[in-house]
Each structure stands twice: as C-alpha cells, then as structure tokens.
Amino acid sequence: MSKRILVVDDDADMRLTLKLSLELAGYVVDVAGNAREALAQQRERPADVLITDIFMPDADGFEAIDAFRREYPDTKIVVVSGGAQFTKRDYLPDAELIGVDATLQKPFDVDTLLALLKGMVPS
Amino acid sequence: MKLRSHLLVLSIATAAPIVALATVIAVVVVKQERDSVRDAAGERVVAVMSAIDAELRGSIATLRAMAASAHLESGNLKGFHSDAMRIFATHPDWLDFTLARGDGIRLLNSANPPGKDLGPVSDRESFDLAMQRGEPVIGRVAPGPEGRSLGIPLRMPVANPDGTLKYMVTVVLKPDAFSDVLRAQKLPEGWVVNLIDSNHKVIARLPPMPAGRPASDSFRAQLAKAPHGWFRGKTLEGREVYTPYLTSALSGWTLGIGMPTGTLDAAAWRGLWLLVVLIGVASAVAVGFALLLSWRIAKPIAALAAASEAVGRGERAEFPARTPIAEIDSLAATLKQAAEAMREKHELAEREKTALQAADRAKDEFLAMLSHELRNPLAALTAAAHVLKLATPNESAAIKARGVVERQTKHMARLVADLLDISRVAMGKVALERERFNLYEAVGNLLNVWRASGRLERHRLMVDARPVWVDADRARLDQILSNLLDNAVKFTPAGKRITVTVGPQGEMALLRVSDEGEGLPPDSAERMFDLFVQGERGLDRAAGGLGVGLALVKRLTEMHGGTVSAMSAGPGRGATFTVLLPAVLPPSTRATKPEEPTRVAPRRVLIVEDNDDTRQMLFEALAFSGHDVREARDGATGIALAAESRPDVALIDIGLPDVDGYEVARRLRAAPGGRNIGLIAITGYGQPEDQKRAYEAGFDAHLTKPVAAERLKQVMAGLQ
C-alpha cells in the first residue's frame, strides 16, 4: 500500500512541484497552504510523513509541528526552510532541537528528500 | 579646609589687628589715667609742701627777728624774755621757746624767766649745726629736755663780735600745727598723707599717728633711693598705696600722699574689663557675620556641587535658580548649559546607537528575507527540474512543472532587477533623463496601464487630478508611482479605497497615494523609507518583498530635488505617502501650436464640472481643437445651459455638488433633442461597475480622471 505524504507550504508552486515529484516516486500526496488546513487534512486522511515549511502565514510552522507531535506521534516530520545559516532567521537547528525526524534547507535535491523518505517509511 | 573655616579665619584676621590696637590704646589710656591721677597727687604734694614751707618760713622770720633783739646784744635777758613771751602768745603753733648759752646750757624758756640754769638743750645735733652755719636750722622731732611732749626745734645762733657763739635762740614748733595744714587739704577718703622729718620720724600724719614714730619701711627704703618721686608700698596700717613724695630743700622734711592702689587699679581694671567685654562682643559679631556669610555662600555652592554630581551620575540635575552671589549665578548658568549640552550629546548618541542597531537589525532581516525570497523559488525550480527530468513532455505533470518554471523565473527576475536597481541608485549610477512634461497626463497614462493589467481590480481607485508640470525623468516618476501603488495594493484589503492625488501645491507638484489599509505602526513613518524595512507582516508571502520599494521612491524623489513623507493615523487606519517635486511653468502655448491639426469637426460642447482646474483644462483642450465650449459648475446650471445652447456634446462630472452626474445625464437625455446629444462621463471611479452604471444612466462614453488630451480627442472622434 502506498504511503501517504502531506506537504505544507504557503507557496503554491512549491506545493505543486513537490506533489508532482513525490507522486512520480509513487507516494500519495496531499497538500495544504497552512497549519490549519494541514490539521484538517490529517484528520480526514492521516499521512505517514509531514513535510512542512517553517515560514507560513496564519500559524508559525512550529505550531503545526507541535500539534502533529501531540496528536499524531506516529507521523514522521520533515522540516524545510529557506532561512539562511548566517542570519537569526535560521530555524532549522531549532526544529532539530524539538525533535523532528529530518530537516532540509531550501533549495534541496529531490533525490535527497526521496532517500530520506525511503529510510523513514519503507514501502 | 571648608569655606566656612576660611571665612572665619578671614574675619578673625581682620578683627585681630583691630582688637590688638584697641588693647594697646586701652592700656595706654589706663596708664595715662593712672599717671594723671598720680600727677595730680604729685602736684598736691608740692602744694602741701609749699604750705608747710611757708609755715616754717614765717616762724624762721620771727626767729630771726628775736635773735636780732637789742636786749640780747646788751645782755638784758629779762627784756628779751618779756619780748619773747609777747611773741609766743601770738603763736599758738609754738610749743615753747628757749635761749641757750654758747655751751648749750639753756638760760630761759616760756615757763622760766632768766635766773637759773635750765640744763642742756635736747637736740644737740641741730644746735651744733646752727652754731657751725651761723644760719637758722630746723631740728628733728624730739622730746624736750624735760621729757615733755614732742617738738621741732628751730635754732638761730647769735654771735659775739669775735665770731664765737653768744646765744642760741630756739623756737619749738608743735607737730600738731602741721596736722592742721594736712587736714586743710581735705584729701579723699582712704588716702594717707604723711610728713616726716629728715630722720624719717613722723611729724604729722593723716589718718593720725603719734609724732616721732618712724615712717614705714617702704617709705624709708624709697627715700634712701631718691629725695622725691613715687613708689608703691604699704602704709603703717598695712594698706597698699601708691605714694608720690617730695623732700623740702628748706626743711629736709619729706611729704608723701598715699593713694590706695585699689582706687587707681580699680579704674584701670574697670577699663580693661570693659575692653575685654567689647572685644568679646566685637569678636562674636564678627564670627556671627562670618558664619552667616559662609552659610549664604556655601549653601548655593553646595547645591551647585550636588547638581554637578547628579550631572556626573547622568541624572537630571536641579540647579539653584537664583543665589545672592552673581559669580555663583553665572557659574550655575554655565554648568547648566554644560549639563544640557552633555545631555543632548548623550541623547544624540543614544539615538544614533538606536538608529545603528535598527539599521543592523534591518540588514539582518533583509539578509534573512533575501535568503528566503531566493531560496523558495529555487526550491520550486529544483523540484520542477526533477519532475521534468522524469516525466514525458506531454504528461500533465510536465506541463504543470513548465508553468512553475516560467512563473518562478519571472518572479526571481523581478527580485534581481529590484536589487540591482536599488544598488545602482544607492551608488549614484542612475542618471536622470529630464524633460518637461505634465505630471497629470503621466499619472493618467500609468493608471490606465495599471487598470488594463487588472492589478487594481480588487480595490476602489479614486483619482483627484489637476495639471501640473515638472522637469523630470518620466520613467523614474512612473517607477515612483508604481512602487507607491504596489505598496498600497499590497497592504490594503480588497474592496477598500486607494486614492491618487496629483496637482500643484504652492511651488511644488504634489503626488499622493492614500490607502485604507493597515496603516503604519506609531513612530515608524520616517523609518518606512529606510532600505530593507518591511511592513509588520514581513513573514507573509502576500506582503513579501525585499523592502526596497519605498527606499527607491525616496532616493529617486530626492534625486529630483523633491521630498517624500509617510503619514498614518495608526495601525488599521490607512497610510498616506506624499511626494513633492519642484513644479515648473508649462511650456508656452505658442511652442505647442505646431501640433497636428485636429481631425475633429468643430462642435458645441458643454462642460459640467465643479473642479475649476479640471474644467479649465478641459475647456482649453476643447477650445484649442476649435470647439465652441460652454461651462457650468454644477448640475442645475448645466441643465439650464444645455436647454439654452443645445450642445452637441456634454462632458459631465459624476461627483457634482448638487445633483450627481447620472441624474444630469438622464435629464439631458430626456430633454427635447436630447436623444442625439453625445454624453461623456468624467469620473475618478474607474471600476467596471462604475462604467456599467454610467452607460445605464445614458452616457455614451466614460472617461477616468485624469483625462489625457489624446484620449479626449479619441472619445470625441468616436462620438461622431
């Protein structure tokens, strides 16, 4: 049975390209534009992996991560961010600290993401 | 040492010589006082002595007369005795008289007539002296030969023709006689007067003392030193006295007048004591003044010192406003100025520090934003590339991915262009291509482009435009307005109003964009134009951007010699950005005359417009094209004028003061011959909804302000 992945990003093109890439790799993909939508989606169709951006309107990416970890402890979480390492806005180390399963800095090679996913949810 | 002590020393230093001088004067005065008393006493001594000498001289004169008696020459002793007895009776001061032979045997006295030997004389020494000198001699106080009361012998020799002593005549004086002389002087109570003979035995004294008694030791010791003068000694009663004394040349007797030391010293002490009291009072007054003065001086100085310390600690200082001392006042004023300068400097430094920190933070945020803005499209592009690599070209996934690539590269291109632009402007590498043009028309053209692109469709655009000319770079002015509009659109919710105003304002040309959007945080208006400063929703992609738009507006405006300002009534209450550029005179109409001739046939045109500038502009444009133009300021006048002049075309403003433009159009259309009239709406509302409403009211065409002359021509031509 195909694994289900939920992609959360406020950029429509980012959501679209990730969805297309992951579908080509054989995953079932849902998308959401913010944390609230993501939780709604998850309630309807629980995903095995959450891929979320940290910069999002409405709710900080951390809020989504926190909600998922409490409500869906079995869902793996991958965090992606466009923040740079030389500024204060680099949230990836923070994400690692609160115990997400993997972090990726934008832009990233889709093969890297696929390798990560393979390790997390072997089909 | 404290100021108080200094002043104390000062006052004491000033007072001390005065006190010293006063002391010297007092001592001199006291001494003079004593000397004058003593001198008076001394004169008294001389006077008394003179009286005593006079007394003695009287007796000596009588004695001489007795010695020269003829009875003695003839040896008639009886006759002498009887004469002498007569004289004796008139001299109560005499104790006795005697006549002695040359060998010292007395022959007679007052009690015994001649006839028998009366024995030797008692004071042999004076007898011998008188015999030797042949002159009267005053003897000593001594008891008589019969041991009777004390007397003082005065002796006068009577010589034989051969020079040997024949007789010695003696008068014995009563010491009491001199007591009377002393008593007559009426000396003050407590004083002592003492008359002593050459043997220092008392002759007479007050208070009384038996005659013949030796004078006091101190008197005798003093007499051994000098025959006259004064000394301090003890009386026979043992009282301390100052005594001036004098020894008579005539008698060899000495008179002393003793003044109790108490009398003199008391006066001196009284003077000294008064002096001490006065010095004490003067010193106390001086010290008191010194303390008062030091308090008056030290208090403001202490206050000043406290204020200065407060300044040093960086606290707000209270400087004494007014003190009794001008120098301290000026010092306080100077210190106050210095403190204020220091505080201003400090505040300036604080502000600069804050500004630097803010700039640093803005730079950090810019870098984060830049990273975010560039990495996001890159991430999408990378994923799209991945899809394109795997999917066949005609697959839906590939088609979608190509769309992503197209959009994201465009987006990135714009970001990069913005960045390059701001850096070129910041480095001064942008040269302005200036030309003289009507800002009103330029704004109209740009708004038409924006309307056509649909970027304004979510908002209600209001335009308030009047002609104004500027000497500027068209492309850069378009950029300024575009950035301001971009900003307004970005931060204004759909359906809210955005107002663009253009026109003259004094010497300047005004370009203003107001919105009903989020407004600005308090006190941030000035900061809005700094590079990289973002609206509060910096994380929101919808409002995203690099924060260079307004910075560009500011730099470009300043390059044109203009100013830009932001204003907001607060968060949620909209913002207004105002650009002011130097206005220039429009080029003369003659210069613009050789334009291509109008292709519009002359017609009767009515303008109904309440804005004088817009009406004037329309009037000139139409009249220049050869039309017969009438004007009205409001709806009612317009309708009346139309009935009278029967225009071919009417340009009607929608927002009229009395009835609205739609109503005017309906009436004109309904009027006789109104079916053929060309009706053009002129409005600041450019939404499709507004146009629809205009057509429904009977308008043939719809022109959005600002009305470009070329567009007007087109519409006029279209109505033919």
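Note that the structure is a prediction, hence the values are computed from the model and not measured.

Caption draft 1: Quick peek at the overall build of chain A. Of regular secondary structure, chain A possesses five helices and five strands. The buried share of chain A, taken over its 123 residues, is 42%.

Caption draft 2: The overall build of chain B, seen in detail. Scanning chain B for helices and strands turns up 18 helices and 23 strands. Across the 720 residues that make up chain B, the buried fraction comes to 33%. Restricting the contact set of chain B to residue pairs at least 6 apart, pairs at least 24 apart contribute 61%.

Caption draft 3: Layout of the sheet that holds strand β2 (residues 28-32) of chain A. Residue and element names in this part refer to chain A. With parallel pairing, five strands are arranged side by side in an open sheet as β2-β1-β3-β4-β5. Strand pairing shows two members of the sheet lacking a second neighbour, β2 and β5 (102-105), which therefore form its edges. Within the sheet, the average angular offset between the axes of one strand and its neighbour, ignoring direction, is 20°. When strand β4 (residues 76-81) meets β5, the two strands line up parallel, connected through four bridges. Bridge assignment links serine 81 to a residue of β5, and that residue is glutamine 105. Running at roughly 165° to strand β3 (residues 49-53), helix α3 (residues 61-71) makes contact with β1 (4-8), β3 and β4 of the sheet.

Caption draft 4: How the structure looks around the packing of helix α9 (residues 396-426) of chain B against helix α12 (residues 549-559) of chain B. Residues and elements named next belong to chain B. Closest axis-to-axis distance for the α9/α12 pair is 10 Å, and the angle between their directions is 35°. When you trace α9 past α12, the crossing you get is left-handed. Each of Asp421, Ile422, Val425 and Ala426 in α9 lies in contact with α12, whose residues at this interface are Ala551, Leu552, Arg555 and Leu556. By residue class, the composition of the contact of α9 with α12 is six nonpolar, no polar and two charged.

Caption draft 5: Examining the environment of Leu16(A) more closely. Within the element layout of this structure, Leu16(A) appears in helix α1 (residues 12-24). Sequence separation of Leu16(A) and Val31(A) is 15 residues, and the distance between their C-alpha atoms is 8.2 Å. Among residues more than four places away in sequence, those in contact with Leu16(A) are Lys400(B) and Val404(B).

Caption draft 6: A look at the nonpolar core. Residues and elements named next belong to chain B. With 60 residues, the main nonpolar core has Val45, Leu63, Val169, Leu173, Leu195, Ile203 and Leu255 as its most contacted residues. When residues of this core are assigned to their parent elements, the largest contribution, ten residues, is made by helix α1 (residues 3-67). Judged by nonpolar contacts, the second largest core, of 41 residues, contains Leu439, Val443, Met528 and Phe529.

Caption draft 7: Just the pairing of strand β11 (residues 254-260) of chain B, in detail. Residues and elements named next belong to chain B. Most of β11 sits out of view: six of its seven residues are buried. Sheet topology note: the strand β7 (residues 192-196)/β11 ladder contains five bridges and is antiparallel. Residue valine 193 lies in a different strand from β11, and its bridge partner there is isoleucine 257. By the bridge criterion, five bridges tie strand β10 (residues 240-247) to β11 in an arrangement that is antiparallel. Across the sheet, the residue bridging to tyrosine 242 is methionine 259, located in β11. Hairpin connection of β10 to β11: six residues between the antiparallel strands, including glycine 252 at a positive phi of 75°.

Caption draft 8: Spatial organisation of helix α11 (residues 474-491) of chain B. Residue and element names in this part refer to chain B. Over its 18 residues, α11 runs 26 Å from end to end, which matches the ideal 26 Å to within 8%, given 1.5 Å per residue. For α11, the set of buried residues is Arg476, Leu477, Ile480, Leu481, Asn483, Leu484, Leu485, Asn487, Ala488 and Phe491. Lining the buried residues of α11 we find α10 (439-453), β14 (469-473), β15 (497-505), β16 (508-515), α12 and β18 (575-584).

Caption draft 9: Up close: the sheet that holds strand β23 (residues 701-704) of chain B. All names here are of chain B. The strand order across the open sheet built from five strands is β20-β19-β21-β22-β23, with neighbouring strands paired in parallel fashion. Only two strands of the sheet have a single partner each, and these edge strands are β20 (628-632) and β23. Pairs of neighbouring strands in the sheet enclose a mean axial angle of 20°, with direction left out of account. Inspection of the sheet shows strand β21 (residues 649-653) paired to strand β22 (residues 678-683) by five bridges, in the parallel sense. Opposite valine 649, over in β22, you have glycine 678 as the bridge partner. Lying on the sheet, helix α14 (residues 612-624) is in contact with β19 (604-608), β20 and β21; it crosses β20 at an angle near 170°.

Caption draft 10: Representation of helix α5 (residues 175-184) of chain B in the model. All names here are of chain B. Looking only at α5, the buried set comprises Pro175, Ala177, Phe178 and Leu182. Burial along α5 is one-sided: seen end-on, the buried residues are contained in an arc of 150°. Residues of α5 that are buried make contact with α1, β5 (150-159), β6 (165-173), β7 and β8 (202-206).

Caption draft 11: Main features of the confidence of the model for chain B. All names here are of chain B. For chain B, the average pLDDT comes to 84, and 95% of its residues sit at 70 or higher. Here helix α13 (residues 589-592) stands out as the least confident element of chain B, with mean pLDDT 49; β16 is the most confident, with 94. Overall, residues 536-543 carries pLDDT values under 50, and its contacts beyond four positions in sequence, including any with other chains, amount to twelve contacts. In this model, residues 590-598 is a region of pLDDT below 50 whose contacts with residues beyond four sequence positions or in other chains number three contacts. Interface confidence for the predicted complex, expressed as ipTM, amounts to 0.83; the pTM equals 0.41.

Caption draft 12: Main features of the packing of α1(B) against α5(B). All names here are of chain B. Contact geometry of α1 with α5 gives a least axis separation of 10 Å together with a crossing angle of 145°. Between α1 and α5 the crossing geometry is right-handed. Taken together, the residues of α5 that come into contact with α1 (itself represented by Val48, Ala51, Ile52 and Glu55) are Ala177, Phe178, Val181 and Leu182. Tallied by class, residues from the contact of α1 with α5 come to seven nonpolar, no polar and one charged.

Caption draft 13: Highlighting unusual backbone geometry. Lys106(A) connects to Pro107(A) through a cis peptide bond whose omega is -10°. By the secondary structure assignment, Pro107(A) is in the loop between β5 and α5 (110-120). The phi torsion at His200(B) lies on the positive side, around 65°, for a residue other than glycine. Here His200(B) shows up in the loop between β7 and β8. We classify His200(B) as partly exposed; it has 17 C-beta atoms within 10 Å. The backbone of Arg646(B) shows a phi angle near 45°, a positive value even though the residue is not glycine. Taking the C-beta count within 10 Å as the criterion, Arg646(B) has 15 such neighbours and is therefore assigned partly exposed.

Caption draft 14: A look at the pairing of β20(B). Residues and elements named next belong to chain B. As paired strands, β19 and β20 are joined by five bridges and run parallel to one another. Its bridge partner being in β20, leucine 606 is matched across the sheet by arginine 630. With respect to chirality, the unit in which β19 leads through α14 into the neighbouring parallel β20 is right-handed.

The rules behind each value
Residues numbered from 1 in each chain as written. Chains lettered and ligands numbered in written order. Predicted model: local features only at pLDDT ≥ 70, side-chain atom pairs only at ≥ 80, totals over all residues. Helix = DSSP H or I, 4+ residues; strand = E, 2+ residues; numbered from the N terminus. Buried ≥ 20, exposed ≤ 12 C-beta atoms within 10 Å, placed from the backbone. Contact = placed C-beta atoms within 7 Å. Pairing = 2+ DSSP bridges. Axes fitted to C-alpha atoms, helices over the stretch in contact; angles between N-to-C directions. Left-handed = near helix turned anticlockwise from the far one by under 90°. Nonpolar A, V, L, I, M, F, W, Y, C, P; charged D, E, K, R; others polar. Core = buried A, V, L, I, M, F, W, Y, C linked by C-beta atoms within 7 Å. Expected span 1.5 Å × (residues − 1). Arc of directions from axis to C-beta. pLDDT = per-residue confidence, 0-100. Right-handed = clockwise from strand over helix to strand, strands pointing away.

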